[in-house]
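# Fold and geometry: a report
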Amino acid sequence: MYKNSKSLIRTTALVMFNERGLEAVGVREISRELGMSPGNISYYFPSKNDLIIEIYREFVEKTLTFFGEFGRKSDLHPKDLLTLLARVMEIQEDFRCLFLSFNDLTEIAALEKEVYLNEKRWKKLIGRLMRQWREQGLVYTHAGDEESTFFELIKLILIYRFTDSKIHRRKGSSESSTTAYRRRLASVFRLYFKEKPR
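Conventions and cut-offs
- Residues numbered from 1 in each chain as written.
- Predicted model: local features only at pLDDT ≥ 70, side-chain atom pairs only at ≥ 80, totals over all residues.
- Heavy atoms only, no water.
- Salt bridge = Lys/Arg side-chain N within 4 Å of Asp/Glu carboxyl O.
- Helix = DSSP H or I, 4+ residues; strand = E, 2+ residues; numbered from the N terminus.
- Buried < 20%, exposed > 50% of the residue type's maximum accessible area, 1.4 Å probe, protein only.
- Polar contact = N/O pair within 3.5 Å; in protein donor to acceptor, adjacent residues only side chain to side chain.
- Contact = heavy atoms within 4.5 Å.

Under the criterion given, the structure shown has six salt bridges. A salt bridge links Glu54 to Arg10; its shortest N-O distance comes to 3.1 Å. Of this pair, Glu54 sits in helix α4 (residues 48-71) while Arg10 sits in helix α1 (residues 5-20), placing them 44 residues apart in sequence. Exposure remark for Arg10: the relative accessible area of 18% places this residue in the buried category. For Arg96, the salt bridge is made with Glu93, and the minimal N-O distance between the two is 3.7 Å. Judged by its relative accessible area of 26%, Arg96 is partly exposed.

With that settled, the discussion passes to the side chain of Asn18. Structurally, Asn18 can be placed in helix α1. Asn18 sits in the buried class, given a relative accessible area of 9%. Looking at Asn18, its side chain comes within polar contact range of the main-chain oxygen of Asp94, at 3.0 Å. Sequence-distant contacts of Asn18, that is, excluding residues within four places in its chain, are made with Glu93, Asp94, Phe95, Arg96, Cys97 and Leu100.

This brings us to the side chain of Asn118. Within the secondary structure layout, Asn118 lies in helix α8 (residues 109-135). We classify Asn118 as buried; its relative accessible area is 5%. Among the polar contacts made by the side chain of Asn118, one reaches the side chain of Tyr56 at a distance of 3.1 Å. Non-local contacts of Asn118, meaning those with residues more than four positions away in its chain, are made with Tyr56, Val60 and Leu64.

Below, the structure is given as structure tokens:
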């Protein structure tokens, strides 16, 4: 076995999944790319799904670490959330295969509950921030449905941008997908947030 083989397999698989999609890359293609036998990959990842699960968990760890650091700050303004989401988009870009093949991801039984629980965590953090900003008079939302709608709008924008990015680039715009979608997020924010009182 190669030194750091597990990490090398995961990194190579992520690059290949990002380029071609989860459904288009199998263990044989990954083993060919690495110049090792499929059995070597199976030693660390008994199935392709195990490899995808590991990549998903790495994405979640990076995102939650960033969310955690953000959530510990005490003096946050709604514009800070926009900055956070732009950073999340950068992390998503590194793991874009998970979003380009989101339906395949949610069909992996071992991940179904994790995806749901992680979504709940992110929703809880955004909900807490929205309540804090509502108390400070910075947001227009009411508790409950409007907070939930705000979260769902953000989620849809963050996921949809990957299916739209090829179309966006094909139009010949020099604007990056992240910049374009940051503007879309900002337009959603304007529906909910007031200017900071002077």
